[in-house]
Amino acid sequence: MARRLPARVLRTLGKYCESHAYCEYGDRFVSSSSFGAVRRFVGAPCLSRAPCSLTALWKSPTEFNRSLRSSNEDHTTRVQERLGGKDRIILRGCKFQGYHGVLAEEKTLGQKFVVDLDAWLDLKRAAETDDLAHSVSYADLFSVIGTVVEGPSHNLIESVANEIVRSLFKAFPEIQELRVRIYKLSAPISGFSDKVGIEIYRTPSDYVDRS
């Protein structure tokens, strides 16, 4: 039986399947176990009441994949155009002991958290004057992050990341945009040995009250 076609794929195709169940690809269904991997399935007619045949748009799975890749590349280009031309300070692998998590053991025993930071700000004057007064110290950024991660316990690392961003915008008004990634190195998942994490992107306008 054909799998559901992800809503993201449907949006990319520019088609809307009213039942959000299946889309028809010629005489067979197409679906995707991941955004970039297209599979073909034998099946009955499309279950949607809305027409959604892809035959006229893509003659083969190869063409289908090419279109999806092109859409991803366009999105990447837009992001690079928005951020790529701006200066930023980068911190990678900031490691701290924290006590965040839903489980009681996480709040009492604690674990290691790793934080990556991208802070966008104008570094032109700092570059021209060679004066730290016109930039932001890496050490100061690291200190603010550590204060939050090693501070009061949160249930979710999403909340920790949000507090890091809020604290950084408050401490350094010259920062224009922030991206924070937090990795939990010892996630309490049976049989899972790697890290888990989240990423958030914020601007000062996301915080009406920055106090």
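Structural data are supplied above this passage.
As the structure is a computational prediction, the values presented were derived from the model and not from experiment.

Q: Give a detailed account of the overall build of the protein chain, specifying residues and quantitative values.
A: Per the secondary structure count, the protein chain includes six helices and seven strands. Beginning at the N terminus, the succession of helices and strands in the protein chain can be written as α-β-β-β-α-β-α-β-α-α-α-β-β. Within the span of the protein chain, comprising 211 residues, buried residues form 37% of the whole. Within the protein chain, contacts between residues at least 6 apart in sequence are counted, and of these 63% link residues at least 24 apart. Summing over all exposed atoms, the protein chain offers an accessible surface of approximately 12400 Å²; the carbon and sulfur share of this is 51%.

Q: Break down helix H5 (residues 138-149) for me, citing the residues and quoting the values.
A: For H5, spanning twelve residues, the distance from its first C-alpha to its last is 17 Å, which sits close to the expected 16 Å at 1.5 Å a residue. Looking at the packing, one finds that the buried side of H5 touches strand S4 (88-98), strand S5 (111-120) and helix H6 (157-171). Regarding H5, its N-cap is Ser137, as a side-chain oxygen of that residue lies 3.1 Å from the backbone nitrogen of Ala139 further along.

Q: Let's hear about the pattern of salt bridges: which residues, and what values?
A: Throughout the structure, instances matching the rule amount to six salt bridges. As a salt-bridge pair, Arg179 and Asp118 come within 3.5 Å of each other at their nearest N and O atoms. One end of the pair, Arg179, is in strand S6 (residues 177-184); the other, Asp118, is in strand S5, with 61 residues separating them in the sequence. Salt bridges here are not isolated pairs; linked through shared partners, they connect Arg88, Arg92, Asp118 and Arg179.

Q: Mind laying out the sheet that holds S5, listing which residues take part and the relevant values?
A: Across the sheet, four strands lie side by side as S4-S5-S6-S7; this open sheet has antiparallel pairing. Both edges of this open sheet fall to S4 and strand S7 (196-202), since each of them pairs with a single strand only. Recorded for the sheet is a direction-independent mean angle of 15 degrees between the axes of neighbouring strands. By the bridge criterion, nine bridges tie S4 to S5 in an arrangement that is antiparallel. Paired with Arg88 across the strands is Trp120, a residue of S5. Strands in contact with H5 are S4 and S5; relative to S4, the strand with the most contacts, it is inclined by about 35 degrees.

Q: Describe the packing of aromatic side chains, and please don't skip the residues or the numbers.
A: As enumerated under the stated definition, the model contains three aromatic pairs in all. Ring geometry for Trp120 and Tyr201: centres 6.2 Å apart, planes at 70 degrees, overall edge-to-face. Taken together, the residues span a long stretch of sequence, with Trp120 in strand S5 and Tyr201 in strand S7 at a distance of 81 residues. With relative accessibility at 26%, the residue Tyr201 sits in the partly exposed group.

Q: Let's hear about the side chain of Lys184: which residues, and what values?
A: With respect to the helices, strands and loops of the structure, Lys184 is situated in strand S6. One polar contact links Lys184 to Glu106, side chain to side chain, over a distance of 3.1 Å. Those residues in contact with Lys184, other than ones at most four positions away along the chain, are His100, Gly101, Glu106, Gln111, Lys112, Phe113, Ile157, Lys195 and Val196.

Q: Tell me about the side chain of Ser135, residues and numbers included.
A: Structurally, Ser135 is set in the loop between helix H4 (124-129) and H5. Residue Ser135 is classed as buried on the basis of its relative accessible area of 19%. When residues no more than four places from it in sequence are discounted, the contact partners of Ser135 are Ile89, Leu123, Ala126 and Glu174.

Cut-offs used in this document
Residues numbered from 1 in each chain as written. Predicted model: local features only at pLDDT ≥ 70, side-chain atom pairs only at ≥ 80, totals over all residues. Heavy atoms only, no water. Helix = DSSP H or I, 4+ residues; strand = E, 2+ residues; numbered from the N terminus. Buried < 20%, exposed > 50% of the residue type's maximum accessible area, 1.4 Å probe, protein only. Contact = heavy atoms within 4.5 Å. Areas by Shrake-Rupley, 256 points an atom, 1.4 Å probe, with all protein chains shown as cover. Expected span 1.5 Å × (residues − 1). Polar contact = N/O pair within 3.5 Å; in protein donor to acceptor, adjacent residues only side chain to side chain. Salt bridge = Lys/Arg side-chain N within 4 Å of Asp/Glu carboxyl O. Pairing = 2+ DSSP bridges. Axes fitted to C-alpha atoms, helices over the stretch in contact; angles between N-to-C directions. Phe/Tyr/Trp six-rings, centres within 6.5 Å; stacked < 30°, edge-to-face > 60°.

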